[in-house]
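Take a look at the letters that make up each chain.
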Amino acid sequence: AQSVTQLDSQVPVFEEAPVELRCNYSSSVSVYLFWYVQYPNQGLQLLLKYLSGSTLVKGINGFEAEFNKSQTSFHLRKPSVHISDTAEYFCAVKGSGSRLTFGEGTQLTVNP
Amino acid sequence: DTAVSQTPKYLVTQMGNDKSIKCEQNLGHDTMYWYKQDSKKFLKIMFSYNNKELIINETVPNRFSPKSPDKAHLNLHINSLELGDSAVYFCASFGADQANYGYTFGSGTRLTVV
């Protein structure tokens, strides 16, 4: 079985500040990891994914994440956020099989 | 051309009614899913089908019945709707080809039971 923990339910930041959204996972097998963004009243959009290879993954909208196997983490970062980045962010893990398990989400609020 | 499309986008209905949500994907994926997002935004898997065969069936009331007429379609029928069924339901498909490995989600169906 696999699980995901997003360590912060809410992250408020000021515009142009850097941000890190934290994600830890547990799994008994090798995993694939994903970050999704959900803007208000919209669906889920893939930001980035880690399948294999380089542990630093770059995604859309200037986001990146680093896979750390020893710490079982996959934290999402952006060096300078915009108001438009305000949204709910979900970390998700896929282990063996095709089940995708989500964390509980982190609400990022960017203030002017 | 939407990859995973759900209909309807919004559904308001009375308690006790029966309703269906439809999902279609044009990505050629073999595996499709239904997820439920509750009022706290938590996303929980409900069902998964692989090429018309049920492979994941979480602890979901029997009032919920998925149906997959072919691998491009996965519909969700809900009998005797209850207030607690109010949520956003997402359909998704999974592709395992190297170029586009991963999951694609529909835009969701917001179900409100009154």
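Below or above, wherever it landed, is the structure these notes cover. (Residues numbered from 1 in each chain as written. Chains lettered and ligands numbered in written order. Predicted model: local features only at pLDDT ≥ 70, side-chain atom pairs only at ≥ 80, totals over all residues. Heavy atoms only, no water.)

Before going further, it helps to spend a moment on the interface of chain B and chain A. At the junction of the two partners, chain B supplies 22 residues and chain A supplies 20 residues. When chain B packs against chain A, close to 1,700 Å² is buried across both sides, 55% of that on carbon and sulfur atoms. Contact with chain A buries area across many residues of chain B, yet Tyr-101, Tyr-103 and Phe-105 of chain B alone supply 36% of it, more than any other trio. Counting the contacts that link chain B with chain A gives 2 salt bridges. If you look at where chain B meets chain A, you find 9 residue pairs in polar contact (both at pLDDT 80 or more). Elements with a contribution of two residues or more to the side of chain B that touches chain A: strand S4 (31-37), strand S5 (43-50), strand S6 (53-57), strand S9 (87-95) and strand S10 (102-105) of chain B. The element best represented in the side of chain B that touches chain A is S4 of chain B, accounting for 4 residues. When grouped by side-chain class, the residues that make up the side of chain B that touches chain A number 12 nonpolar, 7 polar and 3 charged. (Contact = heavy atoms within 4.5 Å. Buried area = accessible area lost by both parts, 1.4 Å probe. Salt bridge = Lys/Arg side-chain N within 4 Å of Asp/Glu carboxyl O. Polar contact = N/O pair within 3.5 Å; in protein donor to acceptor, adjacent residues only side chain to side chain. Helix = DSSP H or I, 4+ residues; strand = E, 2+ residues; numbered from the N terminus. Nonpolar A, V, L, I, M, F, W, Y, C, P; charged D, E, K, R; others polar.)

The two faces of the sheet receive side chains in turn, since in a regular strand these alternate between them. Residues and elements named next belong to chain B. Alignment of strand S7 (residues 64-70) against strand S8 (residues 73-78), held across 5 bridges, turns out to be antiparallel. Paired with Phe-64 across the strands is Ile-78, a residue of S8. Where S7 folds back on S8, the antiparallel hairpin that results is connected by 2 residues. (Pairing = 2+ DSSP bridges.)

Here the structure, examined in full by the defined rule, presents 17 aromatic pairs over all chains. Centroid distance Tyr-25 of chain A to Phe-67 of chain A: 6.2 Å. Interplanar angle 25 degrees. Geometry classified as stacked. Of this pair, Tyr-25 of chain A sits in strand S4 (residues 23-26) while Phe-67 of chain A sits in strand S8 (residues 64-68); the two residues are 42 residues apart in sequence, bridging distant segments of the chain. Phe-67 of chain A gets classed as buried once you look at its relative accessible area, which sits at 10%. Ring centres 4.9 Å apart and planes at 85 degrees place the aromatic pair Tyr-32 of chain A and Tyr-101 of chain B in the edge-to-face group. (Phe/Tyr/Trp six-rings, centres within 6.5 Å; stacked < 30°, edge-to-face > 60°. Buried < 20%, exposed > 50% of the residue type's maximum accessible area, 1.4 Å probe, protein only.)

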